[in-house]
Amino acid sequence: MCGIVGYIGNKEASPILVDGLKKLEYRGYDSAGIAVLNGDFLIYKQPGKVINLEESIDERVKGLSMGIAHTRWATHGEPTEQNAHPHKSNNGEIVIVHNGIIENYKFLKDELIKHGYTFIGQTDTEVLVNYIQFVQEKNHLNIEDALKKTLQGINGAYALAVMDKKEPNKMVVTRKGSPLAIGVTETNEEFYVASDAIPIVEHTQSLVYLNDDEVVVLERGKKLKITDIYGVQKPYRVKNIDLNLNKVSKGKYEHYMLKEIFEQPETIKNTLYSHLNTENTNINFENLDVLKDKLIKANRIIIVSCGTSWHAGIVGEYIIEELARIPVEVEYASEFRYRNPIITEGDIVMAISQSGETADTLAALRYSKSKGATTFCICNVFGSSMARECDFTAYTYAGSEVGVASTKAFTAQVAVVSLLAIQLGVERNTISQEKASALVEEIKTLPLEVNKIFSTNEHIKSIAKNYTQTTSFLFLGRGINFPIALEGALKLKEISYIHAEGYPAAEMKHGPIAMIEESLPTVIVATNNEYYDKLVSNAQEIKARKGPILAVINEDDSDMIHVADFVFKVPRVSDMLQPIVSVIPLQLFSYHVAVFKGCNVDQPRNLAKSVTVE
Ligand code: F6R
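Residues numbered from 1 in each chain as written. Predicted model: local features only at pLDDT ≥ 70, side-chain atom pairs only at ≥ 80, totals over all residues. Heavy atoms only, no water.

Draft legend 1. Looking closely at the overall build of the protein chain. Broken down by element type, the protein chain carries 20 helices and 24 strands. Expected size for 614 residues packed as a compact globule is a radius of gyration near 25 Å; at 25 Å, the protein chain falls within 12% of this value. Across its three principal directions, the C-alpha atoms of the protein chain cover 80 × 55 × 45 Å. Counting all 614 residues of the protein chain, 61% fall into the buried class. In the protein chain, the share of contacts with a sequence separation of at least 24, taken over all contacts with a separation of at least 6, comes to 71%. Roughly 23200 Å² of accessible area belongs to the protein chain as shown, and the carbon and sulfur atoms make up 47% of that amount. (Helix = DSSP H or I, 4+ residues; strand = E, 2+ residues; numbered from the N terminus. Rg over C-alpha atoms; globule rule 2.2 N^0.38 Å. Buried < 20%, exposed > 50% of the residue type's maximum accessible area, 1.4 Å probe, protein only. Contact = heavy atoms within 4.5 Å. Areas by Shrake-Rupley, 256 points an atom, 1.4 Å probe, with all protein chains shown as cover.)

And the structure:
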């Protein structure tokens, strides 16, 4: 995780760096720091948010036009000033910022200690910068070659920006496993470096995305020079990125999360219409043709993802199996590749990821590809590592999601997976064209249906107020509502720090029912599907044990409304489309509980938006 930024050019570096860090804070916000070069390095570091760093920067940075910066999500060592990046080598000549993890840092550190090196903090990055010094001095190398030689002995993931005060007109950057983009300009007088495109595009829209093990030297007035870590020259492509940055602001909302929840009618619509034909009558995944045959004939689809995206995967499992009759398995990406899974050439491995950078998901995809599977991803970030590496990408058009808790990306993912299931169903003759057309027509009404739920926001807020002292929640659902129960529980715990557990409703009696008592509320996702009566019975079992009940129900509900203490009403849509509407009140409920509790909803503690470490 962590975000890194770099600038070398003719403008003052520090405002560009600090502004870039603010845009990358979603990747971590435990501490922040910058280093600018003025003969010697000026380094500023602060624990906590970028704003603390910004306040500590003084006049001395004026006119300095090269620097690197970092916002941290702590892996090795507490989020103290000492452990904040940039880190400086023992001789004071090299500084680096790092996103990732150096796995063999302990071995390297022991070796450095034997050679008299000392350390002020606990980070793997401090070891790395000293190892670069060690290699440089031992082999009499310039910074570029010292870095390359060092990387040949490094295990782990990294995006790095490095400066050496002996070579004051040069910045060297590299990546492996962690993302890194470089913004270039026509004159080559300026270069921008960042963990993603967002901090760069307001300066230049011409971007070069680095591949693993590529090392780039940035020098004012010179074209990019890219080689691999063994010095072999690498070609590169400059991409034009068109990101609408107007949308990356809170607008009239108090938090990004709330804004993103309310954006869903628009983001679902954008996503849907981007995958329909020009008449908006049929599904049309652009460029899918080459893969269509493989998808139609797939033995099975394995969905790999993490967190909220994993929940979208489970919704996908229900819909794809129902409509296209292809067996689907949904795997935690982090477990998948480490258990020697059986993957055959007829398998499609589908990653679902908002960021397209989640380390575990990316690793699972790469593993699957190496085993001969066809890879597919549903992803929200253009040009992300997954999008670049997969055989096919179906984008969600949710726009930048800044709130750490995923909301609009989830509904967009479910929208894409639904369209895919319908298209596969038609191609495989498992559903009729009439049924497909009817579903497409209904999907087109979803933005409107979601919009209707917002009129109940004040009601949801008034219910949320009752739960600021609650310490634990149970969430239940059945069938396609089961992943929505999981998602409701995840949303609540990650932003309000209230323990919450999602469970299939029928499993309750196999254990969790023992926990039911007056102080444990249960949220039941009970929209009217074929399990409705059974869910009402489950609710009765909870009531009989004095457990309070909150229920997500359809507007025309008949029974659950009489059992539940509080209800959240949502419009009735077809079963398989219900997740997109049922999740909305749960997102709002979590949001309001967290705000009442005074939690930082956009940046919950210990979390980061993009998990680029294993
Ligand atoms: C929860 C949340 C996370 C992400 C997970 C995967 O609200 O945002 O659980 O869903 O880290 O991230 P992506 O989708 O970027 O792969």
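Draft legend 2. A look at the environment of Glu 441. Along the chain, Glu 441 turns up in helix H14 (residues 433-443). For Glu 441, a relative accessible area of 42% corresponds to the partly exposed category.

Draft legend 3. Examining unusual backbone geometry more closely. Cis peptide bonds are those with omega within 30 degrees of zero, and the linkage from His 85 to Pro 86 qualifies with 0°. With respect to the helices, strands and loops of the structure, Pro 86 is situated in the loop between strand S4 (66-72) and strand S5 (87-88). Look at Asp 213: it is not a glycine, yet its phi comes out positive at around 65°. Mapped onto the fold, Asp 213 is located in the loop between strand S11 (206-209) and strand S12 (214-219). We note that Asn 340 has phi near 50°; this positive angle belongs to a residue other than glycine. Here Asn 340 is to be found in the loop between helix H10 (333-336) and strand S17 (347-353). Using a relative accessible area of 61% as the deciding quantity, one classes Asn 340 as exposed.

Draft legend 4. Fine view of the packing of aromatic side chains. One pass over the full model with this rule turns up 16 aromatic pairs. For the ring pair Tyr 7 and Tyr 192, a centre distance of 5.0 Å and an interplane angle of 50° mean the geometry is tilted. With a gap of 185 residues between them, Tyr 7 in strand S1 (residues 3-8) and Tyr 192 in strand S10 (residues 191-194) connect regions that are remote in the sequence. You can call Tyr 192 buried: its relative accessible area is 2%. Judged by centre distance (5.8 Å) and plane angle (75°), the rings of Phe 473 and Phe 589 are edge-to-face. Of this pair, Phe 473 sits in strand S20 (residues 472-477) while Phe 589 sits in helix H20 (residues 578-596), and the two are 116 residues apart along the sequence. (Phe/Tyr/Trp six-rings, centres within 6.5 Å; stacked < 30°, edge-to-face > 60°.)

Draft legend 5. Focus on the pairing of S4. Within S4, 7 of the 7 residues are buried, which leaves the element mostly enclosed by the surrounding structure. In S4, alternate side chains face the same way, and those of Met 66, Ile 68, His 70 and Arg 72 on one face and Gly 67, Ala 69 and Thr 71 on the other are all buried. Of the pairings in the sheet, the one linking S1 to S4 comprises 6 bridges and is antiparallel in character. Bridging from a neighbouring strand, Tyr 7 pairs with Gly 67 of S4. (Pairing = 2+ DSSP bridges.)

Draft legend 6. Summary view of the pairing of S11. Inspection of the sheet shows strand S9 (residues 181-184) paired to S11 by 3 bridges, in the antiparallel sense. Among the inter-strand pairings, Ala 181 is bridged to a residue of S11, identified as Tyr 209. As paired strands, S11 and strand S14 (residues 239-240) are joined by 2 bridges and run antiparallel to one another. Bridge pairing in S14 places Ser 206 opposite Asn 240.

Draft legend 7. Here's a closer look at the pattern of salt bridges. For the structure shown, the criterion picks out 32 salt bridges. Of the charged contacts, one joins Lys 23 and Glu 202 as a salt bridge, the two residues approaching to 2.4 Å between their closest N and O atoms. With Lys 23 in helix H1 (residues 13-24) and Glu 202 in the loop between S10 and S11, this residue pair connects regions lying 179 residues apart in the sequence. Assessed through its relative accessible area of 23%, Lys 23 is described here as partly exposed. Residue classification places Glu 202 among the partly exposed positions, given a relative accessible area of 43%. The partner of Lys 148 in a salt bridge is Glu 144, with the nearest N and O atoms 3.1 Å apart. Of the two residues, Lys 148 and Glu 144 are both situated in helix H5 (residues 143-151); the distance of 4 residues between them amounts to about one turn of the helix. Residue Lys 148 shares its accessibility class with Glu 144, and that shared class is buried. (Salt bridge = Lys/Arg side-chain N within 4 Å of Asp/Glu carboxyl O.)

Draft legend 8. Seen up close, helix H17 (residues 482-496). Given a rise of 1.5 Å per residue, 15 residues ought to cover 21 Å, and the 21 Å separating the end C-alpha atoms of H17 matches this to within 8%. Of all 15 residues in H17, 13 are buried; the element is thus mostly enclosed. Downstream of H17 by a residue or two, Tyr 497 has a phi angle that is positive, lying close to 65°. (Expected span 1.5 Å × (residues − 1).)

Draft legend 9. Just the domain arrangement of the protein chain, in detail. By the assigned domains, the protein chain splits into domain 1 (3-243), domain 2 (258-444) and domain 3 (453-602). For domain 1 versus domain 3, the separation of C-alpha centres amounts to 45 Å. (Domains from an automatic or database assignment.)

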